[in-house]
Each structure stands twice: as structure tokens, then as C-alpha cells.
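Chain residues, written in single-letter form:
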Amino acid sequence: MTRRIAPSVLAADFGRLREQVEQVVGAGARVIHVDVMDGHFVPPLSMGPQVVSALRGVEGITLDVHLMVERPERHVDAFADAGADSISIHAEATPHVHYALQAVRDAGCRAGLAVNPATPLEVFGEVEVDQALCMTVNPGWGGQAFIPASLDRIARLRALIGDGPDLIVDGGIDAATAGPCADAGATLFVAGTAIFSEPDPVAAYARIAAAAGA
């Protein structure tokens, strides 16, 4: 399975957003991760569809949107219209998981399901997904330490979804944690602070990519 690094713009300098994205794209990044937070499902507020629109013009990338919002099915069309290629919704954020995933597909995007660290993985046995997102920290804040028990969850999640879908890991991903996550079955590695908070984001990206075998 192809492994890829997805730099998260949550940690980028918004005054230099496009410049920083183009830097990591030049280093080989082909997926850009956009974290969306509503101040309800998770305490912080973050970006909306306008950021997706602003990045849509960067050549050679796919935009992976992670909706950390309540009732995500209400926001799918706005992000799809802005240019999202894939959208992940949280199992904990809606009583209508199947409907929300279908709304993502109906909007023309790859459908992903995300789960928090303590959420049982059995929900993945009830739905079909194009990608599964395993939070490896509690969602909402960048710069948190990787939860070691996540490695077992990643392996169990890979067994549940099979070899087809991407398995995304998000939280505390850096050059030290990317390799063990890859060994457990992860294929898409979201890294924000470990890339954009470094003095040289391009070198930081390269270190994580090498560790993940991407």
C-alpha cells in the first residue's frame, strides 16, 4: 500500500499559508490536511471552506478535510463545493453516521470516518469507508504527545477495514512515531506541528516521510 505524508495546515503560519503549502508540495507532499473545528465538538475554532478554496489552486495536491464539528452532514456540501477531495466525519459527532458518509459520496468526495482515542472501533464494521481516521491524540489541539496505546488500535482498525481503504493517523505524528504507525498498518500520516513549527519545514517533512517509508 502507498504511504503518504499529509501536512496539516492547522500548524501553518496563516500569513504565509500558500507559501508554506507550496514548500512542502515541492518537497513531495501530495495530500494537504485541513482540520475544521467548530468550538462545540472540540473547544477550539479553526478554518472554514474559504481556506479550502484558497488552497484549491495549488497544483498537484489533493485536499483532505477533517470535520471535527457537530452534525457534519450539514457542512459537507460547503466543503465539497470549495474543492475538498476527501472529507472525514467523526462517528461521535452525528447520530446518522451512514447518512453522513453517503452525503460525502453524493458530494463527489472520498468518504472517511474518524474516531477519538476511546471510541470503540466496531462502528467500522457497520459502514463502508474510503478512508479510516484513527485519532492518536484527543482532538482539538496541535502539538500533543502521541498516545502509545494507539498502535494496537491502528492494527485492530486495519484488520477491520481490510487492505483497501487508507488508514489515517492524526496526532503526535513525527519522525519517531511515523515508523511504528506504518508497521501497524497506517498509510496516511497527518503531521502539523512536527512540520510547520520546525525551522525548516521541508527537512522536517523529509524526515517524517523517510521514517514512514513514504
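**Examining the sheet that holds strand β5 (residues 110–115)**
Here comes step 1: As summarised here, the arrangement of the eight strands in space is β1-β8-β7-β6-β5-β4-β3-β2, forming an open sheet in which the pairing is parallel. Among the strands making up the open sheet, the edge pair consists of β1 (4–7) and β2 (31–37). The average angle at which neighbouring strand axes cross in this sheet is 25 degrees, direction not considered.
Here comes step 2: Docked against the sheet, helix α4 (residues 97–106) engages β4 (86–90) and β5, running at close to 145 degrees with respect to β5.
Here comes step 3: Along the sheet, helix α8 (residues 201–212) makes contact with β1 and β8 (188–191), crossing β1 at roughly 145 degrees.

**Quick notes on the nonpolar core**
Here comes step 1: Formed by 63 residues in total, the largest nonpolar core has its most connected members in Ile87 and Phe189.
Here comes step 2: Ala114, Leu133, Val137 and Leu188 belong to the second-largest nonpolar core, a separate cluster that totals nine residues.

**A look at the side chain of His66**
Here comes step 1: You can see His66 is positioned in strand β3 (residues 62–68).
Here comes step 2: One polar contact links His66 to Asp35, side chain to side chain, over a distance of 3.1 Å.
Here comes step 3: The residues contacting His66, other than those within four sequence positions of it, are His33, Val34, Asp35, Val36, Ser88, His90, Ala114, Leu133, Met135 and Asp170.

Thresholds, definitions, all that
Residues numbered from 1 in each chain as written. Predicted model: local features only at pLDDT ≥ 70, side-chain atom pairs only at ≥ 80, totals over all residues. Heavy atoms only, no water. Pairing = 2+ DSSP bridges. Helix = DSSP H or I, 4+ residues; strand = E, 2+ residues; numbered from the N terminus. Axes fitted to C-alpha atoms, helices over the stretch in contact; angles between N-to-C directions. Contact = heavy atoms within 4.5 Å. Core = buried A, V, L, I, M, F, W, Y, C linked by side-chain atoms within 4.5 Å. Buried < 20%, exposed > 50% of the residue type's maximum accessible area, 1.4 Å probe, protein only. Polar contact = N/O pair within 3.5 Å; in protein donor to acceptor, adjacent residues only side chain to side chain.

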